[in-house]
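The residues making up each chain are set out below.
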Amino acid sequence: MFAELFTIDNLTTFLVLTALETVLGFDNLLYISIEAKKVDPARAAMVRRWGIVLAIVLRIVLLFVVLQLIALFGEPFLEISLPFITGSISGHSLIVLAGGVFLIYTAIKEIFHMIGIEDLEHDQGRPVRRSVAVALVWITAMNLVFSFDTVLSAVALTDNFIVMASAIAVSGALMVLMADTVASFLNKNRMYEVLGLFVLLLVGFLLMSEGGHIAHLTFFGYPVEPMAKSTFYFVLVTMVAVEMVQSRYQKRLLAERKRESRGAL
């Protein structure tokens, strides 16, 4: 049984999923950091750590619940037979399709919010002190919302609960160890959130294709095929490479502009 866990496919999925869970957890980490600033500064680090631990526990519990729902609702309950679309909708396919829609909606909403965001300095001008208990209650409530994208991303990549739970636990442990560093880095390099959102969008399309395949959906006679894992990994690596090259090129352009401005003086 344990030998089956250490296959190339499972290990690759574990590494990709750990990285993906860490990236998708950045928004959660930012929210936890904001809430931690509202308590006594001496206890802010403790609130950050407990907030991340709560996030890990909630994600694993939610992951178990989603997998149980998928196992229970495997039989089709709705047959679709229209001139342009056919299929057999089951609870499993509906959960996966709904998850894909949720991720795509979340990613697009956050992308539009990011490019149209207004100055938030006015909201940060008046510090609000909260007790540790109240801050943890708010963090727990928001963790439930933030956990859906990470759990659905895990379900999209594998059906092995141990691999998924391990990736969530490891990514959470990394976030605990690097909470202060990551929070500071993201505040200074917010552009990397864009990469995470487009990864989220890609995972949403992966879920949509998987859900359509499970439901045996056809559009105008063409069946919906699931996105191959190799295609997903290739696109993911390409996106990361483009982001790295673009970041370095942008720094080079800024350096050249500084030299030109100095020369003009």
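A. The arrangement of the overall build of the protein chain in detail. A count of helical and extended segments in the protein chain gives 11 helices and 4 strands. With 265 residues in all, the protein chain has 39% of them scored as buried. Residue pairs in contact within the protein chain that sit at least 24 positions apart in sequence constitute 82% of those at least 6 positions apart. Accessible area for the protein chain stands at about 15,900 Å²; split by element, carbon and sulfur atoms hold 69% of it.

B. Representation of the environment of I56 within the structure. The topology assignment puts I56 in helix α4 (residues 44-72). A relative accessible area of 15% means that I56 is categorised as buried. As for I56 and V170, which are separated by 114 residues in sequence, their C-alpha atoms are 9.3 Å apart. Ignoring any residue separated from it by four or fewer positions in sequence, one finds I56 in contact with I168, A169, G172 and A173.

C. Examining the sheet that holds strand β1 (residues 76-81) more closely. Strand order across the open sheet formed by 4 strands is β1-β2-β3-β4, with antiparallel pairing between neighbours. Looking at which strands have only one partner, the edges of the open sheet turn out to be β1 and β4 (222-223). Where strand β2 (residues 85-90) lies against strand β3 (residues 218-219), 2 bridges are found, and the strand directions are antiparallel. Residue pairing in the sheet places I85 in a bridge with F219 of β3. Running at roughly 105° to β2, helix α5 (residues 91-115) makes contact with β1 and β2 of the sheet.

D. Structural detail: the pattern of salt bridges. This structure, assessed with the given rule, holds 1 salt bridge. Notably, a salt bridge pairs R252 with E256, separated by 3.3 Å at the nearest N-O pair. Taken as a pair, R252 and E256 lie in helix α11 (residues 229-264) at a separation of 4 residues, close to a single helical turn. On the accessibility criterion, R252 (53% relative accessible area) is exposed.

E. Spatial organisation of the pairing of β2. Buried residues dominate β2, accounting for 5 of its 6 residues. Sheet analysis places β1 next to β2, joined by 5 bridges and oriented antiparallel. When the bridges of β2 are listed, P76 appears paired with S90. Here β1 folds back onto β2 in antiparallel fashion, the turn holding 3 residues.

Thresholds applied
- Residues numbered from 1 in each chain as written.
- Predicted model: local features only at pLDDT ≥ 70, side-chain atom pairs only at ≥ 80, totals over all residues.
- Heavy atoms only, no water.
- Helix = DSSP H or I, 4+ residues; strand = E, 2+ residues; numbered from the N terminus.
- Buried < 20%, exposed > 50% of the residue type's maximum accessible area, 1.4 Å probe, protein only.
- Contact = heavy atoms within 4.5 Å.
- Areas by Shrake-Rupley, 256 points an atom, 1.4 Å probe, with all protein chains shown as cover.
- Pairing = 2+ DSSP bridges.
- Axes fitted to C-alpha atoms, helices over the stretch in contact; angles between N-to-C directions.
- Salt bridge = Lys/Arg side-chain N within 4 Å of Asp/Glu carboxyl O.

Purely geometric numbers; function is a separate question.
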